[in-house]
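Observations on the model geometry
This is what each chain is made of:
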Amino acid sequence: MIKLPLLDRFKFLLERQFARGAGFQLLVVAALIGLISLIGGIAVRMAGNDLPFLDSVWWAFLRLTDPGYLGDDQGIWRRTVSTVLTVSGYVVFLGALVAIMTQWLIARMREFERGLAPVTLKNHVVIIGWTNRTLPLLRELIGNERSRRRFLDVCKTRKMKVVVLSEQGSALLGQALRADPLIGRASRALVLRYGSPLEEEAIHRAGCLNAAAVIMPGEFGRAGEMVSPDIQTIRALLSMDSRAARHGHPPPLVIAEIQDARRMETMRKAYRGPLEIVPTDDTISRMLVQNLLHPGLSAFYREVLTAREGNEFFLRPAGRLTGATLKEVAGQFPRAIVLGVIRGGGPAPLPMLNAPGSQRLGPQDQLVLLAREVSDTQPSTARGSLLAPIERPAARLATAANKTRHRILLLGWSQRVPSLFFELASYTGLACEVDLVSVADPAMRQREIERYSESCARVGVRHIEADFLIAGEMEKLELSNYSAIFLLSSDRLDSVEEADARAIVGHRIIEGLLEEHPLRPQILLELADAANEGLVRTPGAETLVSPLVISHMLAQVALQREVRLIFDELFTVGGAELDLRVPGPAFLGKAMSFQAMEAAVAARGETLLGFQRDRPGEAPQLLLNPPREQVFEVGDRDRLCILTTVS
């Protein structure tokens, strides 16, 4: 064995002791000050000082701690000892002591900034994790006055508080939120806590068990990793469920985002409390297919599912309207459109959208309304404001999709593509062929699609290994022969900026190749950041910002759980469905008020939601829930936004 020198062993021992923290460091400095004072007292006694020994040590301690005594000493030896003590005091007493205290104070401040203390809030909202969904989610909850009022009403609390549990620095996040133009001062309602959702202590730190709702948004990217965001979400649910059972506390409502819908059953088994699941891939795939069937529907998504202003879905308990028919009820909401009811009282709530006017409200039913403000969902009692009753018979079922064959060009690869094929296959009346262009291995793509579901085989697919950012590769495909071109946001890149950059540049290349063609396919871009929408300036191109859609859904389900039923009903095959329809002969070339148009559409057993104005040289403009008295000149390029029912 090699023996270390005595000095090295002493240094190692001293280092180990100093690592114990500020308390021991102060103890060492105090001992060092006492030792220097003792040596100084002995040294001054050697000069023939007549002071007692303890007084000599005190004399040395005063010179060590206070330089003001330096000029009072007489004699060369005494002055030398006093000078040495004073200089030592600067180094040991002032320097070391201030350094230790400063270091301790900075460490405590950083600890407080990280947010390690458990919150003492009740009936608040907890957001688990900081992802590209979190900021839009916070804008929905605390940056939107309309959402704040609804939260206070639903949670029966006077003050709204949101806790964000994140592994990122709380101080930096706090500064970013205060600088956000949509949040700003509202960030005072936000509490940041440090921790991972995989740690049970972090779940306690955020006060999840006392929360009115816990929202678990997903994370961008990380495709192909062994521990995916879905696995982390399920692990966090297990931790929360275990802690609630151990403390005998009822589990809170959890709204969880999951990317792969095949894990939904596992997620439900992991949590015994109230749980609402928003499947990201399925939801976005449904919207893409709906937009394929009804071009222009992205404008509806942008307003109802992403915008902070405009119309959105509201639920209102039947209350005093119990027993009334929808025909009688609709006239009491002059600034809202009654879409139907959610039937309660059974084993599970049942959405009944585009219901006939003869449908009566039960005591546990909820009205489904499309409105701009909460105040618009209050029934009017003034005689002059009531609308004329509209007769709506039972809907005449339409087919889910026509037999027109769609040629789809799909650019890019992500884990969402298999669910998109599954959604296309669910429309039995939809005939389509897909060309899938990506630099990813074609064998891997085919394997993932087949593994997702056997029904995906019903959709014909041709795999093309190419980079769609190379104009020469795209020119070979004869883009004008496609009915629709989808540019998907890739989850295989490191950031949303890179994913959006590829989609936007790919769109510019496509526009350049289609510039001379009179027949243009429908173009839809999926983006990951709303800030990049302004870079898509072509009027005919549509955009779908998936994080905004998912964030809005998470926020709305946290405020009103049954809203999820509306989303599921509207964006799945069969049942109630949105449609942008060419006006029939009864509308073309006429000037009609929205109320008159509403009555004409209702006579067919459908619900009119808005009017899309399309003029040459202008981008189409969708007006949802306009004033009933507003008059429209109906042209052959215009569209009616209708809620219908399909088989």
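In case you missed it, the structure is sitting above this.
A few points on the structure. Because the structure is a prediction, the values reported are computed rather than measured. (Residues numbered from 1 in each chain as written. Predicted model: local features only at pLDDT ≥ 70, side-chain atom pairs only at ≥ 80, totals over all residues. Heavy atoms only, no water.)

Before going further, it helps to examine the side chain of Ser 239. One can find Ser 239 in helix H9 (residues 229-246). A relative accessible area of 3% means that Ser 239 is categorised as buried. Filtering out sequence-adjacent residues up to four positions away, Ser 239 remains in contact with Leu 198, Glu 200 and Ile 203. (Helix = DSSP H or I, 4+ residues; strand = E, 2+ residues; numbered from the N terminus. Buried < 20%, exposed > 50% of the residue type's maximum accessible area, 1.4 Å probe, protein only. Contact = heavy atoms within 4.5 Å.)

Another aspect to go through is the packing of helix H11 (residues 280-293) against helix H14 (residues 417-426). Contact geometry of H11 with H14 gives a least axis separation of 9 Å together with a crossing angle of 50 degrees. As judged from the angle between their axes, H11 and H14 are oblique. The two elements H11 and H14 cross, and the hand of that crossing is right-handed. Side by side, H11 and H14 meet where Asp 281, Asp 282, Ser 285, Arg 286, Leu 288, Val 289 and Leu 292 of the first sit next to Ser 419, Leu 420, Glu 423 and Leu 424 of the second. Within the contact of H11 with H14, the residues separate by chemical class into five nonpolar, two polar and four charged. (Axes fitted to C-alpha atoms, helices over the stretch in contact; angles between N-to-C directions. Parallel < 35°, antiparallel > 145°, perpendicular 65-115°, else oblique. Left-handed = near helix turned anticlockwise from the far one by under 90°. Nonpolar A, V, L, I, M, F, W, Y, C, P; charged D, E, K, R; others polar.)

Moving on to the environment of Asp 365. If you trace the backbone, Asp 365 turns up in the loop between strand E9 (350-353) and strand E10 (366-371). In this structure the C-alpha to C-alpha distance between Asp 365 and Ile 342, which are 23 residues apart in sequence, comes to 5.7 Å. In this structure Asp 365 touches Arg 316, Pro 317, Ala 318, Ile 342, Arg 343, Gly 344 and Arg 360, once residues within four positions along its chain are discounted. Among the polar contacts listed, one links the side chain of Asp 365 to the side chain of Arg 343, at a separation of 2.8 Å. (Polar contact = N/O pair within 3.5 Å; in protein donor to acceptor, adjacent residues only side chain to side chain.)

Let us look at the environment of Pro 620. Among the structural elements, Pro 620 can be located in the loop between strand E19 (607-613) and strand E20 (621-624). On the basis of relative accessible area, Pro 620 is assigned to the partly exposed category, the value being 41%. Separated by 80 residues in sequence, Pro 620 and Gly 540 have C-alpha atoms that sit 8.6 Å apart.

Of the voids in this model, the largest pocket is the one considered here, and its volume is about 880 Å³. Forming the boundary of the largest pocket are 29 residues, of which Pro 539, Gly 540, Ala 541, Glu 542 and Pro 620 lie nearest the centre. Here the element with the most residues in the lining of the largest pocket is helix H12 (residues 298-306); it accounts for four residues. (1 Å grid on protein atoms, 1.4 Å probe; cavity = no way out; pocket = protein on both sides within 12 Å on 5 of 7 lines; lining within 4 Å. Points joined across faces, edges and corners; volume = space filled by probe spheres on them.)

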